[in-house]
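# Commentary on secondary and tertiary structure
Residue-level listing of the chains:
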Amino acid sequence: MKNISLPNTPSLDGNFNKDLLLQIAKDYQTPLFVYDFDKIEEYFNQIKLAFSGRKSLICYALKANSNLSVIQKLASLQSGADCVSLGEIKRALLAGVPAYKIIYSGVGKQKYEITEAIKLGILFINIESKEELLKVESIAKSLNTQARISIRVNPDIDPQTHPYISTGLKENKFGVGIEEAKSLYLQAHKSKSLEPIGIHFHIGSQLTKLQPIAESAQKIAQLLHSLLALKIDIKFFDIGGGLGITYSDESTINPYDYAQGILEYLRGLDVTIICEPGRFIIGNAGVFLTQVLYEKTSQNKRFVIVDGAMNDLIRPSLYNAYHQIGPLTPRQGETTLADIVGPICESGDYLGKNIALPPLKSGDILAILSTGAYGFSMSSNYNTRPRCAEVALSQGKARLIRKRESFEDLIALEKDFL
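The rules behind each value
Residues numbered from 1 in each chain as written. Predicted model: local features only at pLDDT ≥ 70, side-chain atom pairs only at ≥ 80, totals over all residues. Heavy atoms only, no water. Helix = DSSP H or I, 4+ residues; strand = E, 2+ residues; numbered from the N terminus. Salt bridge = Lys/Arg side-chain N within 4 Å of Asp/Glu carboxyl O. Buried < 20%, exposed > 50% of the residue type's maximum accessible area, 1.4 Å probe, protein only. Disulfide = S-S within 2.5 Å. Core = buried A, V, L, I, M, F, W, Y, C linked by side-chain atoms within 4.5 Å. Contact = heavy atoms within 4.5 Å. Pairing = 2+ DSSP bridges. Axes fitted to C-alpha atoms, helices over the stretch in contact; angles between N-to-C directions.

## Let's talk about unusual backbone geometry
Leaving glycine aside, a negative phi is the common case for residues, and trans is the common case for peptide bonds. In this model, T30 is joined to P31 through a cis peptide bond whose omega is -5 degrees. Positive phi is not limited to glycine here, since N144 has a value of about 55 degrees. Looking at the secondary structure, you find N144 in the loop between helix 7 (130–142) and strand 6 (147–152).

Now the structure itself:
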């Protein structure tokens, strides 16, 4: 199998064995997600190597792709887990990630989730507000234990990414400002039920500029110095994730430069660096396969209608995101622009617009690249459509890692109430 080259160079011709993908589409039907586990390992090791000069922990962000086999693969590489729900924590544990390598983030943690997270003994809980700090303290006290925490600090820096995935500005819902963070650390330090051991920032996803990341690291490192001066023993410096990949022609950040841009501000500090990549590890290791159903032209507009839809891959509709799309079977004829659209009853149901494609026939398979992250994990059953199967590739061999849902699966929680 021809492998994916780098996270920032997606290419159907150079990265995938088209014959193998055609066979997978035949064996498992479409629409379908396929992940190259060899490339997942390569991308994980790129990040791990970038921080190898310091004490570090790479915690894969499960929200990018939470398939149990994907998590298990990363756990075998000594990865930790960045989780944003109790469900993700349980997935990480089930897939073999040790509790002491699990972080729990998110602005809306519920009481039962916090309680369970404390009982499970995870590394720490990221605190997002004063009220949440008080809630965690109260729960820890009722459990007669001490909860390990970090505080997510919002550095108010523009990450220069899509506004929906920006998290580091003061108008975003995430984290607390620097002055409030200092106050909360002092409060936690005095509490018998809290143990502040980490400091955290995460300014957004699909980051392609180093400067905002470095500026954020500098700001949070300054805060860390002041906390250490107050005898608050912070052991973990959590830089979040968000390192971008190339979907079309974006310039991306080299992992080594990324690490050095952060570590520059941590000289002399004895802390463990935590990095939480998701998209970087899985994004370009995945491909979405969909079958052509029909072609039609309406008022000189060409439409290619496929069996995949916005419920399977919502990024184009939600973010106006671009993915490279190409046929697995070469066709002769003039290449023209086409919209790739699905069967869902919405005008927003498209997988690509103005994509250059040759004439296609019913049954042709299209490959949509860079879909390992935020593809299946954001999919739904809209229009009562079963979610796709997922297949892993390793050493050129394919295996099913999630079967396709059936209609019976979709109604299982409802039919008893008829």
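Here the narrative resumes, following the displayed structure.
## Topic: the pattern of salt bridges
Counted by the stated rule, this structure contains 14 salt bridges. Linking K55 and D270 is a salt bridge whose minimum nitrogen-to-oxygen distance equals 2.8 Å. With a gap of 215 residues between them, K55 in the loop between helix 3 (37–50) and strand 2 (56–61) and D270 in the loop between helix 10 (255–263) and strand 9 (272–275) connect regions that are remote in the sequence. For D270, a relative accessible area of 61% translates into the label exposed. A salt bridge links R402 to E405, with the nearest nitrogen and oxygen atoms 3.5 Å apart. The buried category is assigned to E405, whose relative accessible area is 13%.

## Describing the state of the cysteines
Scanning all chains against the criterion turns up zero disulfides. Take C345: it sits in no disulfide, and the sulfur closest to it among the cysteines is that of C388, at 19 Å. Given a relative accessible area of 1%, C388 falls into the buried group.

## Some points on the nonpolar core
Membership of the largest hydrophobic core comes to 99 residues, with the highest contact counts inside it found for F51 and F237. A per-element tally of this core places helix 9 (residues 210–229) first, with seven residues. Not counting residues within four places of it along the chain, the set of residues in contact with F51 comprises S56, I58, I239, Y258, A259, L263, I273 and C275. One finds I24, A25, I365 and L393 within the second-largest nonpolar core, a separate group that totals 15 residues.

## Description of the side chain of S193
Tracing the chain through its elements places S193 in the loop between helix 8 (178–190) and strand 7 (194–200). Owing to a relative accessible area of 9%, S193 belongs among the buried residues under this scheme. Beyond its immediate sequence surroundings of up to four residues, S193 is in contact with E137, A140, K141, T145, Q146 and A147.

## Description of the sheet that holds strand 8 (residues 236–238)
Strand order in this closed barrel of eight strands is 2-3-4-5-6-7-8-9, and the pairing throughout is parallel. Neighbour to neighbour, the strand axes of the sheet diverge by 30 degrees on average, direction disregarded. The pairing of strand 6 with strand 7 spans six bridges and is classified as parallel. Residue pairing in the sheet places A147 in a bridge with L194 of strand 7.

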